[in-house]
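What the coordinates show
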Amino acid sequence: MIAALAAGVAPATSASAAPQAPAAAPQAPAVPKTADTAPAPDMEGVVAALNAAVANGAPGAMARFSGPDGVRSRTVGVQDRVNGTPMDVRSRFRIGSVSKTFSTVVLLQLVQEGRLTLDAPVDAYLPGLLPDDRITVRHLLTHRSGLADYTDPMFANTVPGFESVRNRVFTYQELVDLSLALPRTTEPGVSYKYSNANFAVVGMLIEKLTGRPVADAYQRRIFKPLKLRDTSYVHPETRIAGRHVSGYLYPDAAGDPLVDSTEQTVSWAQSAGAVISSPADLNTFTRALMRGRLLSPAMMDAMTTVTPTDATGTRFYGLGLRRYDLSCGTQVYGHTGTVQGFYTYAFSTRDGRRSLSAMANSSNRGVVNTALGGTLEAAFCGKKPVVAPSSRAASPSAGDLSALPAERDLPERH
């Protein structure tokens, strides 16, 4: 289907619940493939995935691959439906939950500095915040705290929920209170359950330990050292400065018009999802992280030690970091991002030599998110081998993440 779409669409291209079963044992970081054996990126396949995202409802999409042989960028569709501006790989956009990896880096730097420890109770640093002193800092970063995700009821009705918070400014305490008003999802440490509430608490820890706003920590510890000139955290400002992509939110009712969701405070997320960036800056960030420029080897080992998030044997989570095991055996680390109007993928190989960032400017449209995920397979696994009809070998799509529904960072209806 994707191949057919690629042929049919001409892209604009540029260069508290009962305890569950015990969790699976963590997987230690794997030894990555060497660059010499890495397949060349299949940029035609990347374009096919972008075209599939557009065919499934995104106004536009783009991807940027960086590797030993240089940078390759591809764009399709438009970044503004009103004036028809073509998608531009230099544009900024909201990266949603990719922000969680930025927040994790800051917190792990504070661990390195001896200001907190991963296995200490959160209440040791924020006394009385949580009703269970078994919840540790590590539980927050691995989504194993059992804290309910307040975005589930907040966005149960997608557009009305969004409009009710578009211009609202929350405190971190208000977000935590929304979570604590809901039943817990699991006992601490028992199993993975994704929750934005975890990273609201992470933001509180950063501000408590540094005595400064999260924005200051991002700027001094990540944005400035890596020269991420297109990356910012402007909460609670609503605009994206400069050249940027407009985001479009699908209503729950089929056929209703898309909602321009570009301008918002993102106060409902803050340190869980309010960073703005660009494809080039995301490549720089994930590569620098994997190369050890931001964290010590011990912290990187902790961050990249993962446990499964589902039963596919392909998806895992470490400390604020996803690992995807692709069909060719390559493992990539990074995060997905969903915020109203935007889907994002930002991943790198463990050696930091190859990275991909991809974005489509719609949300509440899971088929778009799944299609966009196909850029990972194409970029990191290269062209798929042709299997003869009589062959008994496994299908080329076995283990292919693009054949699986995308993981969701927010509730979705489509």
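Up top is the structure.
Re the overall build of the chain
A count of helical and extended segments in the chain gives 12 helices and 13 strands. Within the chain, buried positions represent 58% of all 414 residues. For the chain, the accessible surface area stands at approximately 15800 Å², while carbon and sulfur atoms represent 54% of it.

Side note on the sheet that holds strand 1 (residues 60-67)
What the eight strands build is an open sheet, ordered 2-1-12-11-10-9-8-7; its pairing is antiparallel. Of all strands in the sheet, those bounded by a partner on one side alone are strand 2 (70-77) and strand 7 (307-308). With six bridges joining them, strand 1 and strand 12 (residues 355-360) adopt antiparallel strand pairing. Paired with Met62 across the two strands is Met359, which belongs to strand 12.

Quick look at the nonpolar core
As a rule of thumb, soluble globular proteins bury nonpolar side chains together. If you look at the biggest cluster of nonpolar residues, it comprises 79 residues, and the most contacted ones within it are Phe102, Trp268 and Leu289. For this core, the element with the highest residue contribution is helix 8 (residues 196-210), accounting for eight residues. When near neighbours in sequence (up to four residues on either side) are disregarded, Trp268 contacts Tyr150, Thr151, Met154, Phe155, Val165, Phe170, Leu175, Val339, Gln340 and Leu410.

Details of a positive patch on the surface
Judged by side-chain charge, Lys227, Arg229, Arg291, Arg293 and Arg353 come together as a positively charged surface patch. Residue placement: Arg229 occurs in the loop between helix 9 (214-223) and strand 4 (248-249).

Considerations on the side chain of Arg315
Relative to the helices and strands, Arg315 is located in strand 8 (residues 315-317). For Arg315, a relative accessible area of 8% corresponds to the buried category. At 3.4 Å, the side chain of Arg315 forms a polar contact with the side chain of Asp310. In this view, Arg315 contacts Thr307, Pro308, Thr309, Asp310, Arg323, Tyr324, Leu401, Leu404, Pro405, Ala406 and Glu407; residues no more than four positions away in its chain are not counted.

Rules behind the numbers
- Residues numbered from 1 in each chain as written.
- Predicted model: local features only at pLDDT ≥ 70, side-chain atom pairs only at ≥ 80, totals over all residues.
- Heavy atoms only, no water.
- Helix = DSSP H or I, 4+ residues; strand = E, 2+ residues; numbered from the N terminus.
- Buried < 20%, exposed > 50% of the residue type's maximum accessible area, 1.4 Å probe, protein only.
- Areas by Shrake-Rupley, 256 points an atom, 1.4 Å probe, with all protein chains shown as cover.
- Pairing = 2+ DSSP bridges.
- Core = buried A, V, L, I, M, F, W, Y, C linked by side-chain atoms within 4.5 Å.
- Contact = heavy atoms within 4.5 Å.
- Patch = residues over 30% accessible without salt bridge, like charges linked within 9 Å, V, L, I, M, F, W, Y side chains within 5 Å.
- Salt bridge = Lys/Arg side-chain N within 4 Å of Asp/Glu carboxyl O.
- Lys, Arg positive; Asp, Glu negative; His and termini not counted.
- Charge placed at Lys NZ, Arg CZ, Asp CG, Glu CD.
- Polar contact = N/O pair within 3.5 Å; in protein donor to acceptor, adjacent residues only side chain to side chain.

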